Amino acid sequence: MQLVREMLDAAFSDVGVFDAVCVTFQLAFGATTISSVLGIFLGLLLERARFAGKRVVIRVNRTLMGVPPVVIGLVVYMILMRRGPLGKLNMLFTVQGMILAQVLIITPIICGMTYTSLVSKAPAIRTFARTMGASPMQTQWLVIRELKKELYFAVVTGFGRSISEVGAVMLVGGNIKGHTRTMTTTISLLKSQGIFTEGLTLGVLLLVMAFVIQSLADFFQRGEKTDENY
């Protein structure tokens, strides 16, 4: 690990690239994990629930899927600032605060994609399960299993949004070297300093890392045996 740190520090200017890589993946995995649990659960709940104003809730969620991240960053900043409602938690300019901001950005995306997949395919799966005498719990598990590819795609989309985020993490994290600086905010910093070659190189490195991680995820997903006979 120390060798990797020295190699990165030697290849780039004094911007703390190794720490930025660590923070980036800590942030991406943490935010994606929390958002996946919340988003999939809320998507399942929204698809099954029947209540007045459901269409409004769906439209609000779809609106939040495209909300500018910098707006979420500003809202979280105001909540976490010393005079804000959660100021006593001291989460501003921390990785935990950045994760909170990204969870608010990513959860509506995963929830919306989960809901859309469920609406189009879940009714037919439930009908089949009922004809086979499945219990409600077995039926719900069958729905999740049959839609695992769609859910996987939703999670991958959330991960991609997380790892590429700049605005919200810049506001909430403060881009502090060695603490809250990420690869994307480092690229922004290098650009502002006119060091375009290093910024582009770091961008390529980020893409390669994301590609490797998603390739591994694809590999493990394909390795799972699927029982086509239920």
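Here, every reference points to the structure presented above.
Residues numbered from 1 in each chain as written. Predicted model: local features only at pLDDT ≥ 70, side-chain atom pairs only at ≥ 80, totals over all residues. Heavy atoms only, no water.

### Looking at the overall build of the protein chain
Here's step 1: Tallying secondary structure elements over the protein chain gives 10 helices and zero strands in all.
Here's step 2: Each helix (α) and strand (β) of the protein chain, taken in turn from the N terminus, gives the series α-α-α-α-α-α-α-α-α-α.
Here's step 3: A buried classification covers 40% of the 230 residues belonging to the protein chain.
Here's step 4: Within the protein chain, contacts between residues at least 6 apart in sequence are counted, and of these 74% link residues at least 24 apart.
Here's step 5: For the protein chain, the accessible surface area stands at approximately 13,300 Å², while carbon and sulfur atoms represent 67% of it. (Helix = DSSP H or I, 4+ residues; strand = E, 2+ residues; numbered from the N terminus. Buried < 20%, exposed > 50% of the residue type's maximum accessible area, 1.4 Å probe, protein only. Contact = heavy atoms within 4.5 Å. Areas by Shrake-Rupley, 256 points an atom, 1.4 Å probe, with all protein chains shown as cover.)

### Section: the packing of helix α2 (residues 17–48) against helix α7 (residues 148–163)
Here's step 1: α7 packs onto α2 with a crossing angle of 140 degrees between their chain directions and a minimal axis gap of 9 Å. Here α7 runs oblique to α2, going by the angle between their axes. You can see that α2 and α7 cross each other, and the crossing is right-handed. For the pair α2 and α7, contact is made by T24, F25, L27, A28, F29, A31, T32, S36 and I40 and by L151, V155, G158, F159, S162 and I163, respectively.
Here's step 2: Broken down by class, the residue content of the contact of α2 with α7 amounts to 10 nonpolar, five polar and no charged. (Axes fitted to C-alpha atoms, helices over the stretch in contact; angles between N-to-C directions. Parallel < 35°, antiparallel > 145°, perpendicular 65-115°, else oblique. Left-handed = near helix turned anticlockwise from the far one by under 90°. Nonpolar A, V, L, I, M, F, W, Y, C, P; charged D, E, K, R; others polar.)

### A few points about empty space enclosed by the protein
Regions of empty space are outlined by a rolling probe, equal in size to a water molecule, passed over the atoms.
Here's step 1: This structure, assessed with the given rule, holds two cavities of 30 Å³ or more.
Here's step 2: Counting only elements with at least two residues in the lining of the largest cavity, the list comes to α2, α7 and α9 (183–192).
Here's step 3: The class makeup of the residues in the lining of the largest cavity is five nonpolar, five polar and one charged.
Here's step 4: What the second largest cavity holds in volume is close to 30 Å³.
Here's step 5: Contributing to the lining of the second largest cavity are L46, I58, N61, R62, G112, Y115 and T116.
Here's step 6: Elements represented by at least two residues in the lining of the second largest cavity include exactly α3 (54–65) and α5 (95–131).
Here's step 7: In the lining of the second largest cavity, the residues fall into three nonpolar, three polar and one charged. (1 Å grid on protein atoms, 1.4 Å probe; cavity = no way out; pocket = protein on both sides within 12 Å on 5 of 7 lines; lining within 4 Å. Points joined across faces, edges and corners; volume = space filled by probe spheres on them.)

### Observations regarding the nonpolar core
Here's step 1: Formed by 33 residues in total, the largest nonpolar core has its most connected members in V76, L80, M98, I99, L118, V143 and V172.
Here's step 2: Contributions of two or more residues to this core are made by α2, α4 (69–80), α5, α6 (136–146), α7 and α8 (167–173).
Here's step 3: For this core, the element with the highest residue contribution is α5, accounting for 14 residues. (Core = buried A, V, L, I, M, F, W, Y, C linked by side-chain atoms within 4.5 Å.)

### Examining a nonpolar patch on the surface
Here's step 1: Taken together, the side chains of V70, V71, L74, V75, M78 and L171 define a hydrophobic patch exposed on the protein surface, amounting to about 470 Å² of accessible area.
Here's step 2: The greatest single-element share of the nonpolar patch, amounting to five residues, is contributed by α4.
Here's step 3: Tracing the sequence through the fold places V71 in helix α4.
Here's step 4: When its relative accessible area of 40% is taken as the criterion, V71 is described as partly exposed. (Patch = residues over 30% accessible without salt bridge, like charges linked within 9 Å, V, L, I, M, F, W, Y side chains within 5 Å. Salt bridge = Lys/Arg side-chain N within 4 Å of Asp/Glu carboxyl O.)

### Looking at the pattern of salt bridges
Here's step 1: Enumeration over the complete set of coordinates arrives at two salt bridges.
Here's step 2: We note a salt bridge from R126 to E47, for which the minimum N-O separation is 2.8 Å. You can see R126 sitting in helix α5 and its partner E47 sitting in helix α2, a full 79 residues away along the chain.
Here's step 3: Take R126: its relative accessible area is 5%, and that puts it in the buried class.
Here's step 4: A relative accessible area of 7% means that E47 is categorised as buried.
Here's step 5: Its salt-bridge partner being K121, residue E150 comes within 2.5 Å of it at the nearest N-O pair. Here K121 lies in helix α5 and E150 lies in helix α7, a separation of 29 residues in the sequence.
Here's step 6: The class for K121 is partly exposed, based on a relative accessible area of 37%.

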